[in-house]
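# Structural description and commentary
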Amino acid sequence: MLSYPVRIALIAALGGFLFGFETVVISGAEQTLEKLWQLNKLTQGITVASSIFGTILGAIFAGFPARIYGRKKTLQVISIFFIVAALGCAFVTAWMGFIAFRILGGLAVGASSVIAPMYISEISPAKLRGRLAGSFQVNIVAGIMVAYLTNYLFTQLALPDAWRWMLGVMVVPAVIFAILLFAIPESPRWLILNNNESAAIPILMRLGEQNLDVAVITIRESVKEHRESLLQARYAKPIIYAMLLAMFNQLAGINAILYYAPRIFEMAGFDKTQAFSQPIYIGVANLVFTLLAMSLIDKFGRKTLLIIGSLGMILFLSLTAGAFRNPGSGNSHLLLYLIGFIAFFAFSQGAVIWVFISEIFPNSVRSQGGSLGSGTHWVMAAIITSIFPYIVEGNPNGGFYSFVFFAVMMVLQLLFIWRVMPETKGRTLEEIQKDLGIS
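To keep things clear, this report deals only with the structure shown in the data block. (Residues numbered from 1 in each chain as written. Predicted model: local features only at pLDDT ≥ 70, side-chain atom pairs only at ≥ 80, totals over all residues. Heavy atoms only, no water.)

### Structural notes on the packing of aromatic side chains
Under the defined criterion, the tally for this structure stands at 12 aromatic pairs. On the numbers, 6.1 Å between centres and 35° between planes, the contact of F341 with F345 is tilted. One end of the pair, F341, and the other, F345, are both in helix α19 (residues 334-360), 4 residues apart, so they sit about a helical turn from each other. Grouping residues by exposure puts F341 and F345 together as buried. Among the aromatic side chains, those forming a connected cluster through ring pairs are F19, F136 and W378. (Phe/Tyr/Trp six-rings, centres within 6.5 Å; stacked < 30°, edge-to-face > 60°. Helix = DSSP H or I, 4+ residues; strand = E, 2+ residues; numbered from the N terminus. Buried < 20%, exposed > 50% of the residue type's maximum accessible area, 1.4 Å probe, protein only.)

### Points about empty space enclosed by the protein
Inspection of the entire model under this criterion finds 6 cavities of 30 Å³ or more. By volume, the largest cavity amounts to about 160 Å³. Lining the largest cavity are 18 residues, and of these F19, Q137, I140, N255 and F345 lie nearest its centre. Every element with two or more residues in the lining of the largest cavity is listed here: α1 (4-24), α7 (129-157), α13 (236-251), α14 (254-259), α19 and α20 (366-394). Split by residue class, the lining of the largest cavity holds 10 nonpolar, 8 polar and no charged. Size it by volume and the second largest cavity reaches roughly 70 Å³. Around the second largest cavity, the lining residues are S113, V114, P117, M118, W354, I357, S358, R366, G370 and S374. Taken together, the elements giving at least two residues each to the lining of the second largest cavity come down to α6 (95-123), α19 and α20. Tallied by class, the residues present in the lining of the second largest cavity amount to 5 nonpolar, 4 polar and 1 charged. (1 Å grid on protein atoms, 1.4 Å probe; cavity = no way out; pocket = protein on both sides within 12 Å on 5 of 7 lines; lining within 4 Å. Points joined across faces, edges and corners; volume = space filled by probe spheres on them. Nonpolar A, V, L, I, M, F, W, Y, C, P; charged D, E, K, R; others polar.)

### A few points about the packing of α1 against helix α9 (residues 171-180)
At their nearest, the axes of α1 and α9 sit 9 Å apart, and the two run at 160° to each other. Taken together, the axis directions place α1 and α9 in an arrangement best described as roughly antiparallel. The two elements α1 and α9 cross, and the hand of that crossing is left-handed. Between α1 and α9, the contacting residues are I11, A12, L14, G15, F17 and L18 on the first element and P173, A174, F177 and L180 on the second. Class assignment of the residues belonging to the contact of α1 with α9 gives a composition of 9 nonpolar, 1 polar and no charged. (Axes fitted to C-alpha atoms, helices over the stretch in contact; angles between N-to-C directions. Parallel < 35°, antiparallel > 145°, perpendicular 65-115°, else oblique. Left-handed = near helix turned anticlockwise from the far one by under 90°. Contact = heavy atoms within 4.5 Å.)

Below, the structure written as structure tokens:
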């Protein structure tokens, strides 16, 4: 039977499944919506990116309710947002209404990307924290894979308004998430932060804390100034680390590939059925290599995984660029190149980003730091996702230039990881705080 910390971490991590599903499900519907509402390039870009606009807001502002009302209550509100967004997108008839519900879903995605990893890191024992916090990423890629699969299935069924089923089916996992959240406790660190030690101590006991007095004192000391602002010189290191890692996550081109996968394959010469079936292989590779990374992250550390992943992504992004440079000879291998890229991304950046960002900020400003890191990630996602179609379709060599750029960015990431980024494996959150010189 799973231990108590593992059970509640996995429940919170279900927010990641909804995150992943909501993120890429639009890829199966975007071309249909373009015809349905007779969208031009501008309004089509807005339609695809509308969720990301909401995600940015959710990521930036999620730290406030999590800080004031608690991690659990904030997660419960997020689950309601997912439910309403799924039902709204399934039944809406007007384009503006669709945009509104997509933004609402984006708000839930952005908030979940901050709160769920934060909650998991705060309830996890140090020796398990990498794997448990990483379970959020496992759920993200599982949601991505299921979204690609359901998109393909609804396409094959040839249902009228199949796009409504694609978007509306998310209500099922959203309701399950909302129900299961009643079974998790509030974060004991948040309770101590808000002077409720009597409620925190029983939770710490169930989480397996061996020395309660020392744990409570350590947490209390680390949050003495929890009302302070993140934007101080003493927090410069974690701010820089979080922002750079979040930027490089998107500069790998991951969301451009996930959002426009069917379109990319059609550009490369695959027919419509293949264009919808090929992303399923990408989703499976994403899940398999994320699971592999989760089994190794607490053994080999965050830094080692990122270095290996950077090298692999440089190779496969370069090969993908070559496939678009010489379409006659490279297209047959495009799926293999993209699977290779996804495998190394999932093994490194995908597995590490939410773990690392949730670890490096002290208890006193973790909600603000999580919002900053996640907000940076989603701003970059919005930029890359918005301009990618213009670049790849506006120039005969647009695909080549795009993937060369992504490869160069991974070279810069490799240098950052190798020379600058610290290792955090096996350290308590309070020890990491001291290591960064911000105790």
